[in-house]
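# Commentary on secondary and tertiary structure
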Amino acid sequence: QVQLVESGGGLVQPGGSLRLSCVASGRILSINSMGWYRQAPGKHRELVARIESGGSPDYAESVKGRCAISRDNAKNTVYLQMNSLKPEDTGVYYCLGDIKTSSRTDQVIWGQGTQVTVSS
């Protein structure tokens, strides 16, 4: 059983910063890609950023220049550094992992989410 656990959310003032972390644990052979999605109240879940194994990161237009995704393969961890936060960045942030759990099996797994609130 593979699990993703996010941390680092919280309440921050506009213009502030947060660093989210997501740790994958369990039976993991390798991680193909990891990403961050967010869901604001009343809205669909949307991609914030993702990073492939050995590839360049992709970002939503709304966060380009303000966010940076990185991963530590040795720790099975992905980070999302968010700067210059805006109220519209408020939402539940979910980690998504595309994880190889056996030679024949890839699993797409969601974390439980962490709340980010940007408000003065």
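Residues numbered from 1 in each chain as written. Predicted model: local features only at pLDDT ≥ 70, side-chain atom pairs only at ≥ 80, totals over all residues. Heavy atoms only, no water.

### Re the nonpolar core
Counting 28 residues, the largest nonpolar core has Trp-36, Leu-80 and Met-82 as its most contacted members. Mapped by element, the contributors of at least two residues to this core are β3 (18-25), β4 (30-39), β5 (46-52), β7 (67-72), β8 (77-82), β9 (91-100) and β11 (114-118). Considering each element in turn, this core owes the most residues, four residues, to β3. The residues touching Met-82, leaving out its near neighbours within four places in the chain, are Gly-16, Ser-17, Leu-18, Leu-20, Arg-66, Cys-67, Tyr-93 and Val-116. (Core = buried A, V, L, I, M, F, W, Y, C linked by side-chain atoms within 4.5 Å. Buried < 20%, exposed > 50% of the residue type's maximum accessible area, 1.4 Å probe, protein only. Helix = DSSP H or I, 4+ residues; strand = E, 2+ residues; numbered from the N terminus. Contact = heavy atoms within 4.5 Å.)

### Things to note about the sheet that holds β8
Read from one edge to the other, the open sheet built from four strands follows the order β1-β3-β8-β7, with strand pairing classed as antiparallel. Strands at the two margins of the open sheet, each flanked by one partner only, are β1 (3-7) and β7. Taking the axes of each pair of neighbouring strands and ignoring which way they run, one obtains an average angle of 15° across the sheet. As judged from the five bridges shared by β1 and β3, these two strands associate in the antiparallel manner. When the sheet's bridge partners are listed, Gln-3 is paired in β3 with Ser-25. (Pairing = 2+ DSSP bridges. Axes fitted to C-alpha atoms, helices over the stretch in contact; angles between N-to-C directions.)

### Section: the pairing of strand β10 (residues 106-110)
Relative to β10, β9 runs antiparallel, the two being bridged by five bridges. Paired with Gly-97 across the strands is Ile-109, a residue of β10. Connecting β9 to the antiparallel partner β10 that follows it, the hairpin turn spans five residues.

### Brief notes about unusual backbone geometry
Glycine aside, negative phi is the norm for most residues, and most peptide bonds take the trans geometry. Of note, the phi angle at Asn-76 is positive, near 50°, even though the residue is not glycine. Checked against the element boundaries, Asn-76 lands in the loop between β7 and β8. Given a relative accessible area of 23%, Asn-76 falls into the partly exposed group. One non-glycine residue, Ser-84, lies in the positive phi region at around 45°. For Ser-84, the location among the structural elements is in the loop between β8 and β9.

### Observations regarding the pattern of salt bridges
Taken as a whole and judged by the stated rule, the model has six salt bridges. With a shortest N-O distance of 2.8 Å, Glu-46 and Arg-38 are connected by a salt bridge. Given a relative accessible area of 38%, Glu-46 falls into the partly exposed group. For Arg-38, a relative accessible area of 7% puts it in the buried group. A salt bridge links Lys-100 to Asp-106, with the nearest nitrogen and oxygen atoms 2.9 Å apart. (Salt bridge = Lys/Arg side-chain N within 4 Å of Asp/Glu carboxyl O.)

### Looking at the packing of aromatic side chains
Summed over all chains, the structure comprises two aromatic pairs. Plain terms: the ring middles of Tyr-37 and Trp-110 are 5.1 Å apart, the flat faces sit at 70° to each other, and that makes the pair edge-to-face. Within this pair, whereas Tyr-37 is found in strand β4, its partner Trp-110 is found in strand β10, the two being separated by 73 residues in sequence. Aromatic side chains Tyr-94 and Trp-110 sit 6.3 Å apart centroid to centroid with 90° between the ring planes, which places their arrangement in the edge-to-face category. Taken as a pair, Tyr-94 in strand β9 and Trp-110 in strand β10 lie far apart in primary sequence, 16 residues in all. Judged by relative accessible area, Tyr-94 falls into the buried class, the value being 14%. You can call Trp-110 partly exposed: its relative accessible area is 37%. Linked through ring pairs, Tyr-37, Tyr-94 and Trp-110 together constitute an aromatic cluster. The lysine or arginine in question, Arg-19, covers the ring of Tyr-79, its NZ or CZ lying 4.0 Å from the ring centre. Over the face of the ring belonging to Tyr-94 we find Arg-45, whose NZ or CZ atom lies 3.6 Å from the ring centre. (Phe/Tyr/Trp six-rings, centres within 6.5 Å; stacked < 30°, edge-to-face > 60°. Lys NZ or Arg CZ within 6 Å of the ring centre and 35° of its normal.)

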